[in-house]
Amino acid sequence: MAAGGHDMVVIGAGPAGCAFAVEAAGRGFRVALLEAGARGRDKACGGGLMADAGAALQGLDLFDSVTAHLQPAAGLRPHAPNGTGVDLNGTFYVTRRTLFDAALQDAAGRAGADLFRETRATAVERGAEGARVTARTPGGEAVFRGALTVLATGGAAQGLGLLSDARVRRAARGHAMRRFLTFQRPHGLTRLHLWFDRGLLPGYGWAFPVSPTVLNTGVGGPPTPAGRPPRLKHLERRLEADNRLAGRLYRTAGTVGEAAGAPLRTGLCGAPFSGERLLVVGEAAGSTYALSGEGMGKAMETARIAADVADDALRRGAPTADALAAYDHALERRLRGLFRAYDRAQERVARPGFVNALARAASRSAAMRRTLEDVLAERRSPDAAFSPGGFLKHILLGG
Ligand SMILES: Cc1cc2nc3c(=O)[nH]c(=O)nc-3n(C[C@H](O)[C@H](O)[C@H](O)COP(=O)(O)OP(=O)(O)OC[C@H]3O[C@@H](n4cnc5c(N)ncnc54)[C@H](O)[C@@H]3O)c2cc1C
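Residues numbered from 1 in each chain as written. Predicted model: local features only at pLDDT ≥ 70, side-chain atom pairs only at ≥ 80, totals over all residues.

**Student:** Looking at this model, I keep getting lost on the environment of Gly 130. Mind explaining?
**Tutor:** Along the chain, Gly 130 falls in strand β9 (residues 130-137). On the neighbour-count criterion, Gly 130 (19 C-beta atoms within 10 Å) is partly exposed. Expressed as a C-alpha distance, the spacing of Gly 130 and Phe 273, which sit 143 residues apart in the sequence, is 18 Å. Beyond its immediate stretch of four places on either side in the chain, Gly 130 contacts Arg 145, Gly 146, Ala 147 and Arg 277. (Helix = DSSP H or I, 4+ residues; strand = E, 2+ residues; numbered from the N terminus. Buried ≥ 20, exposed ≤ 12 C-beta atoms within 10 Å, placed from the backbone. Contact = placed C-beta atoms within 7 Å.)

Printed below as a string of structure tokens:
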């Protein structure tokens, strides 16, 4: 079967692929959006929508429709190893990825993209004539042709394997695992809780309220010094055993759901951003943050930047490597500094003493809390709170 006649073939319909498809199809390009999963497929995720996700949804004109059925959380409470919790204000939502991704896929369809579910790309060829993507579908093998391929396959190494490029680093820079807890009575959490317990560091744990009776909980962290994935089930047991609140939640939950884990590609590295007739967007391009493992916002943001570049390149002629390198420059200019700051913050947060001191300062100083809120809202760099200079400025000068 040959399904031809598209300008762009997007591989992967998560937040990145859908955001790209909404933008590109909305500008009149013929977009094929290939998704390996069926409708309502789940993705291991905490479901926390932070400020950058909100901004990206606003930019796509989807904020109201996507958040309409969600209750905003009352705020975010990080807990230091010594148990100090700090209440931070901001706009946060918790979504279920089954619903969130289906809503984005529907939006891509409404914008005019052709969505092919249960369609797994197995090979990508790029040449002077165009791009050709071979895929496995329930009906057999299919071929999709376009002027440009967009790789939006997320953190799994298998997707990046489609590139056969020496610059691809298959090992992830982090891993995380989530589990839904369902309660018979309201669990009482209205904030997003983040734990940096001593037994978890350099990793973290979380409990995010999906609804009054459902929590999304989990743990995540960087690889071990030997380069192996962290032992996530072991970390989860430590969270449950050592942390009073988490332990109570696990014990009182009526149903403890199955664990689902996935790699985290962080630090805006691990793959080329572009090439001949190719753009790589979202977590495939390492767009998830170190420290928090948050990535839906930046997945959509990188895709929107890529759509601008694709639009320009296709209107000028063929999407050559030179034309598409504008995407690399845009990511470097707009996001590289921020991602470096998140990497640095992750290194510092690995030290319990630092996190305790930061939490102590934040619980005493409204200026420090405002700085942390500004970091979460992306009004300030993480360095404003997590660098020794930024931290000392608050201690010595009060903000
Ligand atoms: C446990 C955990 C908790 C997390 N919690 C949060 C959180 O609370 N907030 C947050 O913002 N981020 C969180 N993240 C990160 C977030 O999940 C990712 O940053 C985000 O999903 C990346 O979006 P994406 O579109 O790039 O990739 P994905 O969401 O992974 O989408 C990629 C899509 O490509 C499809 N695909 C893959 N290969 C192929 C192929 N060959 N052919 C066709 N389709 C293919 C997949 O089926 C998938 O639908 C968490 C991650 C994990 C693992």
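**Student:** What should I look at first to understand the pairing of strand β8 (residues 120-127) in this one?
**Tutor:** Where a strand is regular, its side chains alternate between the two sheet faces. Sheet analysis places β8 next to β9, joined by seven bridges and oriented antiparallel. Each residue of the ladder has a partner; that of Val 124, found in β9, is Val 133. What sits between β8 and β9 in their antiparallel hairpin is a turn of two residues. (Pairing = 2+ DSSP bridges.)

**Student:** Help me understand the nonpolar core in this model?
**Tutor:** Side chains of nonpolar character tend, in soluble globular proteins, to be buried together. Counting 122 residues, the largest nonpolar core has Val 10, Phe 20 and Ala 21 as its most contacted members. Per element, the largest residue contribution to this core is 10 residues, and it comes from helix α8 (residues 296-316). Sequence-distant contacts of Phe 20, defined by excluding residues within four places in its chain, comprise Val 10, Val 150, Ala 152, Val 281, Ala 303, Ala 306 and Ala 307. (Core = buried A, V, L, I, M, F, W, Y, C linked by C-beta atoms within 7 Å.)

**Student:** When you look at the site of the ligand in this model, what are you seeing that I'm missing?
**Tutor:** Taken together, the neighbourhood of the ligand is formed by 43 residues, with Gly 14, Gly 46, Gly 154, Gly 282 and Gly 295 sitting nearest. Elements supplying a minimum of two residues to the shell around the ligand: α1 (15-26), β8, β12 (174-182), β15 (214-221), β17 (260-264) and α8. Looking at side-chain class alone, the shell around the ligand contains 19 nonpolar, 18 polar and six charged residues. Here the shell around the ligand spans two domains, and each of domain 1 (2-69 + 96-171 + 265-345) and domain 2 (174-262) adds at least three residues to it. (Near = placed C-beta within 6 Å. Nonpolar A, V, L, I, M, F, W, Y, C, P; charged D, E, K, R; others polar. Domains from an automatic or database assignment.)

**Student:** Mind showing me how you'd approach helix α7 (residues 244-252) here?
**Tutor:** Ala 246, Leu 249 and Tyr 250 are the residues of α7 that are buried. Seen from one end, α7 has its buried residues packed into an arc of 95°, which puts them on one side. The outward face of α7, more than 90 degrees from its buried face, is lined by the exposed residues Arg 244, Arg 251 and Thr 252. Along its buried surface, α7 packs onto β12, β13 (192-195), β14 (204-211), β15, α6 (232-242) and β16 (255-256). (Arc of directions from axis to C-beta.)

Function-wise, these values are silent; they only describe arrangement.
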